[in-house]
Amino acid sequence: YNVTVYSSSIGLLNALGEATISDLDFEDIEHDKTIANIQASFTGGVTLTGGGTSNAVFYPLIDDGLIGYSTLGAGALDINSSFNMPPCIQMHYLVNKIFDFAGFEYNSTFLDSNEFKNIYMDSSTNNEYSVLTEYGDVVAHPSADYTIPNNGAFNDLIHDTETADANNLHNTTTGVYTAPADNLEVSATCSLFVDNSNSSARTIQIRLVHNSSAANQAPSTIIHTQVIPGNASNVQVFAFANVMINSGETIKFTVGTTGVGLSIEDLFAVGGQTLRSRYYFYTNTRSDGGYIFQHNRRDVKLADIIKDLTKMFNLIIEPNEFNGNRLNIEPYDDYIAGGVEHNWSDKVDRSEMTQQMFSLPSKLLFAMAKDDDDYYLKLYENIVGKEYGSQEVLIDAQTDVVEEIRLDVFAPTAVVDMHPDFEEISVITSSEDGVVFERFSNAPRLLFKNYATHNASLGIFDQFNSLYQGTFGAQVTPYATAHQYEDTTSALVPAHSDLTFGSVGALFAALSSIPTNTFYNKYWFNYIQERYVNLSHLLKVRINLKPKDISKFIFADRVRIDNQVYRVNSI
């Protein structure tokens, strides 16, 4: 029998081809980004738009270099929740999506373990939650001048002539805008030119009315108040607000005045230019956590994610005995633990046996993907003289060859003690001088979902104040951390896991203990000892195997030939 035994990981990678994260469907984890969901993600699951909950999304606090620290009172973290709580996706969920996309299945105690389910991938610090949607803008103006009623109430602002409304989202009879989908961020803007026919000043107020029964939604609030001088003409009144709305919800402008005499002009000419009153509903963004992850990581290749997982955890992949599209996947140590020994001494064709010394490198380098724009990763390398999270293994070999095992996708994340009053957190930031910090499109990072939550006053400074519907303010205290370590820095012990190849010590953070279960120590050490340290030669031999021998063999098995035990490199 001339038999070639190969790993079906090749078939999986071929099936994935050039596909990227943008090719995956994340509709099953759509959810409203409310403070309730963000806080629920710390220890449990978010409430999904389609019903039920999911722990596939996690919103930890991550510093983009721009988190501030107030020393007033008990102190506070000054954060922008749009930037500093990015959605992160569970790797177990993502791996399942990748296998489904490729038409493969897997058996894996490791991939289904609680530890692997506790690992998440970030969505980049350089992006807000918002991305472009397919919905067009609404622009409308009144068909004629009209007087604002002075009836002690707010009256609907209705512009009955549209100049843009490709998706028919605005009603010209009622002035109502209706959301076509969930999780839409709408910039509602009105620009009015107001006349005051009375000699006394009048006050005009603009209110944005949001019709929603959902929790934590923006209330109907006055968004602008302005005094119009007596006998004034063509006074521009400008008002805007940003609001997150869901499918079927409505928003509209209403206007009120303190007295008679105010009117809104349709248009007037000045300096050869025609100006007119208008309102706009810019519906150009959506803010679902899964959608944002898909958008921000759209260029990451699915095959590269699988390759990186095999490198990090030294995974062995074999086809299932009964189904070639169902793969058995385990780390090397777990895999070989299931092997047995075969004595094939009497099956050897001794006329075709050759031995050769195995070519060894002088050094092995295990390293994460590079992210040269990251300030702390560069600083660490300058201080320590090696890459953050890397591991070097020196081998007694007379050669200058260095063998490198480097990740293609996932870079390490520095854990930094930013302030003594607060828990150490992951910092992903760029800086040329260590003084001015900037957000940037960082390479993907893997983070443990740390179960503990921490308390501190959070001062929120959002570009879109309505992102958390006005409820996520200075009185909100819990936040969750996520970084390379399995537990919070104040609770670490040596047995905890570390999502880097080599230990980085306590250069940037005060650790209660330095975990020793790095990728190298936990998943690679025994393999390296066997493959590079104890291995002296490679035996090539022709063996007459029967079908029974082949059907019972797996690469976890050992083979005994003439009282010497071997691991099979290839058949």
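Further up the page is the structure itself.
All of these numbers come straight from a predicted model, not from anything done at the bench. (Residues numbered from 1 in each chain as written. Predicted model: local features only at pLDDT ≥ 70, side-chain atom pairs only at ≥ 80, totals over all residues. Heavy atoms only, no water.)

(A) Just the nonpolar core, in detail. The biggest cluster of nonpolar side chains holds 83 residues, and the ones touching the most others in it are Met91, Leu94 and Phe313. Setting aside residues no more than four positions away along its own chain, leucine 94 makes contact with Leu24, Phe26, Ile89, Met121, Phe293 and Ile305. With 33 residues, the next largest nonpolar core counts Ala140, Ile148, Ile245 and Phe253 among its residues. (Core = buried A, V, L, I, M, F, W, Y, C linked by side-chain atoms within 4.5 Å. Buried < 20%, exposed > 50% of the residue type's maximum accessible area, 1.4 Å probe, protein only. Contact = heavy atoms within 4.5 Å.)

(B) Structural context of the pattern of salt bridges. All chains considered together, the criterion is met by 20 salt bridges. A salt bridge links arginine 406 to glutamate 387; the shortest N-O distance between them is 2.7 Å. Of this pair, arginine 406 sits in strand β30 (residues 402-406) while glutamate 387 sits in the loop between α9 (375-384) and β29 (391-394), and the two are 19 residues apart along the sequence. In terms of burial, arginine 406 and glutamate 387 fall into one category: buried. As a salt-bridge pair, glutamate 530 and arginine 567 come within 2.6 Å of each other at their nearest N and O atoms. Separated by 37 residues along the polypeptide, glutamate 530 in helix α10 (residues 519-533) and arginine 567 in strand β38 (residues 564-567) bring together distant segments of the chain. (Salt bridge = Lys/Arg side-chain N within 4 Å of Asp/Glu carboxyl O. Helix = DSSP H or I, 4+ residues; strand = E, 2+ residues; numbered from the N terminus.)

(C) Local environment of the sheet that holds strand β7 (residues 105-107). Pairing within the open sheet is mixed, and its 3 strands lie in the order β7-β25-β24. In this open sheet, the two edge strands, each paired with only one partner strand, are β7 and β24 (315-319). Neighbour-to-neighbour, the strand axes of the sheet open up by a mean angle of 30°, direction not taken into account. Sheet analysis places β7 next to strand β25 (residues 326-331), joined by 3 bridges and oriented parallel. By the bridge assignment for β25, tyrosine 106 is matched with leucine 327. Sheet strands touched by helix α4 (residues 91-102): β7 and β25. Its angle to β7, the strand with the most contacts, is close to 130°. (Pairing = 2+ DSSP bridges. Axes fitted to C-alpha atoms, helices over the stretch in contact; angles between N-to-C directions.)

(D) Structural context of the pairing of β38. Alignment of strand β37 (residues 558-561) against β38, held across 4 bridges, turns out to be antiparallel. By the bridge assignment, arginine 560 is partnered in β38 with valine 565. The antiparallel hairpin formed by β37 and β38 contains 2 residues in its connecting segment, where aspartate 562 sits at a positive phi of about 55°.

(E) Highlighting α10. Taken as a whole, α10 carries its principal kink of about 50° at phenylalanine 525. Tucked into the core, α10 has its buried residues touching α5 (114-117), α7 (302-313), β25, β28 (363-367), β29 and β30. (Bend = angle between axes of the 7 residues up to and from the residue.)

(F) Expanded view of the packing of α4 against α7. Relative to each other, α4 and α7 sit at 125°, their axes nearing to 11 Å. Classified by the interaxial angle, the pair formed by α4 and α7 is oblique. Regarding α4 and α7, the two cross each other, and that crossing is left-handed. Where α4 abuts α7, its residues Met91, Leu94, Val95, Ile98, Phe99 and Phe101 lie against Leu302, Ile305, Ile306 and Leu309. Grouping the constituent residues of the contact of α4 with α7 by class yields 10 nonpolar, no polar and no charged. (Parallel < 35°, antiparallel > 145°, perpendicular 65-115°, else oblique. Left-handed = near helix turned anticlockwise from the far one by under 90°. Nonpolar A, V, L, I, M, F, W, Y, C, P; charged D, E, K, R; others polar.)

(G) Region of the structure containing a nonpolar patch on the surface. A surface patch of nonpolar side chains, amounting to about 250 Å² of accessible area, comprises Ile383, Val384 and Leu507. Inspection of the secondary structure assignment puts valine 384 in helix α9. For valine 384, a relative accessible area of 40% gives the class partly exposed. (Patch = residues over 30% accessible without salt bridge, like charges linked within 9 Å, V, L, I, M, F, W, Y side chains within 5 Å. Areas by Shrake-Rupley, 256 points an atom, 1.4 Å probe, with all protein chains shown as cover.)

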